[in-house]
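Observations on the three-dimensional arrangement
Chain residues, written in single-letter form:
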Amino acid sequence: MAIVAGADFGTLSVRVTLLDSEKGRLGTAMAEYPLHRRREDPDFATQSHDDQMNALVKATRDVLQQCSVRGEDVAAMALDTTGSSVIVVDENLQPLDDYYLWCDHRAHREAQEITRTAHQMGVEAIQWCGGVYSHEWGWAKLLHWLRHANGEKRARFATALEHCDMVAATLTGVSSPAKLKRSVCAMGHKWMWNPKWGGLPAEDFLIRVDPLLRGVREKITGEFLTSDHIYGGLSAVWAEKMGLKASIPIPVGAFDAHWDALGAGCKEGDVVNVVGTSTCIIAMAEKTELVPGVCGVVPGSVDPRLTGIEAGLSAVGDIFDAIAKRAGVKVKDLAAGLESYKAGQTGLLRLSWDNGDRTVLVNPELGGVTLGWNLIHTAQDELFAAMEGTAFHTRIILERMAEHGVPVERVINAGGVPQNNAVLNQVYADVLNKPVLVPDGVPTSLGSGIVAMVAAGVYPTIEAAQEKLCLPFKTFTPHPEAAAVYEKLYKLYRKVYFALGTRAAEPVALGDVLPELRRIAAEVRAHA
């Protein structure tokens with residue numbers, strides 16, 4: 001028997017789970033930290049490294065007390081984080097500013113310049129991240145910082161780190177850029193890294209994007225490793241703060257969605273929708289094939305033996321929250337009664353672009369669109385239409401993956417939202433016309449615990465740990481009548497999605513969309 005800790009840093013809080021190799025999850029504790037937003041700049045989203053580390057200490061001590069586990073009995077700790085969440089540091093790895101969080105979208109101009117230059121120069125890396133570089137990713141965020149930081153800060157700039165690498169470096173006492181290790185998951189999906197072209201993109205490409213990037217490539221230094229490698233041992237300083245034993249192994253970290261997929265039982269042939277404030281869609285394949293419009297195809301990024309594919313929606317739970325806030329209620333209250341709604345009954349078609357499009361258009365300049373309003377529609381109608389819309393968007397992504405050789409044999413809904421929203425899971429099953437599996441229990445931070453088990457030597461592989469520790473599934477089976485309605489609506493959604501979402505789209509007649517929405521809604525009501 002062994003006990004390990006798994007830490008999962010989300011957008012607003014960190015969760016620490018204690019996992020027993022025989023009993024499974026012993027308990028989870030959470031500690032929150034503030035997200036800094038600016039009303040005058042909706043693209044701004046930052047977070048303090050100190051706030052996050054203080055929350056990690058609190059959550060760790062709380063879960064030890066909650067489970068009556070002695071700190072010296074914890075054999076390893078692994079951590080995952082949001083991404084691309086980027087922090088700029090000095091030569092002692094001290095932050096020069098807060099994190100540019102994943103949902104900080106100020107770098108859209110920089111992302112467009114990176115995309116344009118990469119295509120002009122024929123840089124292969126752009127094809128491996130779907131053909132479009134995102135404003136949510138590392139190089140764009142770093143370039144934005146370099147353009148807007150004052151001269152004194154720029155002079156002290158030593159390197160930039162992804163959140164998962166910064167936390168691991170802090171916990172293991174690394175204080176020099178030369179001693180850093182970097183996550184293949186983070187660097188492959190967000191920083192155009194791949195050993196195929198010698199690691200990071202070439203210096204001449206970066207300088208062509210902006211001369212401010214001259215010399216930066218050599219500052220993004222360190223070993224680039226998959227998560228079956230050990231970052232280091234927990235330092236005495238942080239061991240004392242957290243109530244753990246010094247020197248326990250901490251493996252190289254990864255992004256939260258990738259390890260959430262592992263915790264949900266993801267294997268080759270599965271697609272996992274990690275549904276939270278946004279959705280990350282994670283798949284794994286033995287064969288590596290490029291997929292236009294996705295967030296990266298990276299060998300070893302999820303399971304070290306397989307190629308990881310990432311896609312997603314920039315807002316999901318955030319959309320539900322925004323609809324409820326505008327109505328002056330909580331999502332839980334607004335959702336009460338949605339189980340009686342029928343597919344397509346609202347006559348609304350809602351596109352989930354409230355925070356831009358992450359996949360497959362990769363366009364931050366889009367905004368939420370709802371078609372079909374009449375004078376008696378309610379906020380509850382919009383909430384149901386938003387659930388349908390996120391499912392339609394997910395279907396577009398899964399079809400794109402399948403077109404390019406990614407096996408889609410099982411669909412798993414993981415993350416926090418599906419645990420508390422049976423209506424959402426049923427809508428996804430009906431829209432995708434596939435069974436949707438949902439872990440019967442909370443899978444969040446289970447993935448980091450699984451990686452910690454491997455790091456501690458308790459299990460030889462991730463698959464062996466999954467077999468023992470992953471939760472059973474609840475299955476949501478498609479309803480044939482609803483699936484038939486959604487097949488009609490999906491054709492309309494797909495037409496509108498590409499017609500409104502692409503500047504260079506060929507002219508498409510949209511005059512049938514609103515009448516069709518009314519006709520389908522009337523049919524559903526009459527049948528009911």
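Report follows, based on the coordinates.

Cut-offs used in this document
- Residues numbered from 1 in each chain as written.
- Predicted model: local features only at pLDDT ≥ 70, side-chain atom pairs only at ≥ 80, totals over all residues.
- Heavy atoms only, no water.
- Core = buried A, V, L, I, M, F, W, Y, C linked by side-chain atoms within 4.5 Å.
- Buried < 20%, exposed > 50% of the residue type's maximum accessible area, 1.4 Å probe, protein only.
- Helix = DSSP H or I, 4+ residues; strand = E, 2+ residues; numbered from the N terminus.
- Contact = heavy atoms within 4.5 Å.
- Salt bridge = Lys/Arg side-chain N within 4 Å of Asp/Glu carboxyl O.
- Pairing = 2+ DSSP bridges.
- Axes fitted to C-alpha atoms, helices over the stretch in contact; angles between N-to-C directions.
- Arc of directions from axis to C-beta.
- Disulfide = S-S within 2.5 Å.

**Digging into the nonpolar core**
If you look at the biggest cluster of nonpolar residues, it comprises 78 residues, and the most contacted ones within it are Leu-18, Leu-56, Val-74, Met-77, Leu-171, Leu-234 and Met-242. Considering each element in turn, this core owes the most residues, 8 residues, to helix α1 (residues 49–67). Ignoring any residue separated from it by four or fewer positions in sequence, one finds Met-242 in contact with Leu-56, Val-57, Thr-60, Arg-61, Leu-64, Met-77, Leu-171 and Leu-234.

**A short note on the pattern of salt bridges**
Taken as a whole and assessed by the stated rule, the structure comprises 30 salt bridges. Residue Arg-410 pairs with Asp-270 through a salt bridge whose shortest N-O separation is 2.9 Å. Of this pair, Arg-410 sits in strand β21 (residues 410–414) while Asp-270 sits in strand β15 (residues 270–275), and the two are 140 residues apart along the sequence. Look at Arg-410 and you get partly exposed, because its relative accessible area is 30%. Each of Arg-109, Glu-110, Glu-113, Arg-147 and Asp-210 takes part in a single network of salt bridges with overlapping partners.

**A few points about the sheet that holds β21**
Strands sit in the order β17-β18-β16-β15-β21-β22-β23 across an open sheet of 7 strands; the sheet is mixed. The outermost strands of the open sheet, each flanked by one partner alone, are β17 (297–299) and β23 (473–476). On average, each strand axis in the sheet is tilted by 25° relative to the strand beside it, whichever way the strands run. Against the sheet, helix α14 (residues 422–432) engages β15, β21, β22 (436–439) and β23, with an angle of about 155° to β22.

**Remarks on the sheet that holds strand β14 (residues 254–255)**
In spatial order, the strands read β3-β2-β1-β6-β14; together these 5 strands make up an open sheet with mixed pairing. Unpaired on one side and paired on the other, β3 (24–32) and β14 mark the two borders of the sheet. For strand β1 (residues 3–9) and strand β6 (residues 74–81), the ladder comprises 5 bridges, and the chain directions are parallel. Bridging across to β6, Asp-8 finds its partner in Asp-80. Against the sheet, helix α6 (residues 163–171) contacts β1, β6 and β14, and its axis sits at roughly 150° relative to β6.

**With respect to helix α11 (residues 317–327)**
Within α11 the residues assigned to the buried category are Gly-317, Ile-319, Phe-320, Ile-323 and Ala-324. In a view along the axis of α11, the buried residues occupy a sector of 165°, so they form one face of it. Every exposed residue of α11 that faces more than 90 degrees away from the buried side is listed here: Lys-325 and Arg-326. Looking at the packing, one finds that the buried side of α11 touches α12 (331–335), β19 (349–351), α13 (379–403) and α14.

**With respect to the state of the cysteines**
Evaluation of the coordinates by the stated rule reveals 0 disulfides. Free of any disulfide, Cys-103 has its nearest cysteine sulfur in Cys-280, 12 Å distant. Residue classification places Cys-280 among the buried residues on the basis of a relative accessible area of 15%.

**Quick notes on the environment of Val-329**
Counting through the fold element by element, Val-329 comes out in the loop between α11 and α12. Spatially, the C-alpha atom of Val-329 lies 10.0 Å from that of Ala-379, the residues being 50 residues apart in sequence. Once residues lying within four places of it in the same chain are set aside, the contact partners of Val-329 are Ala-324 and Leu-334.

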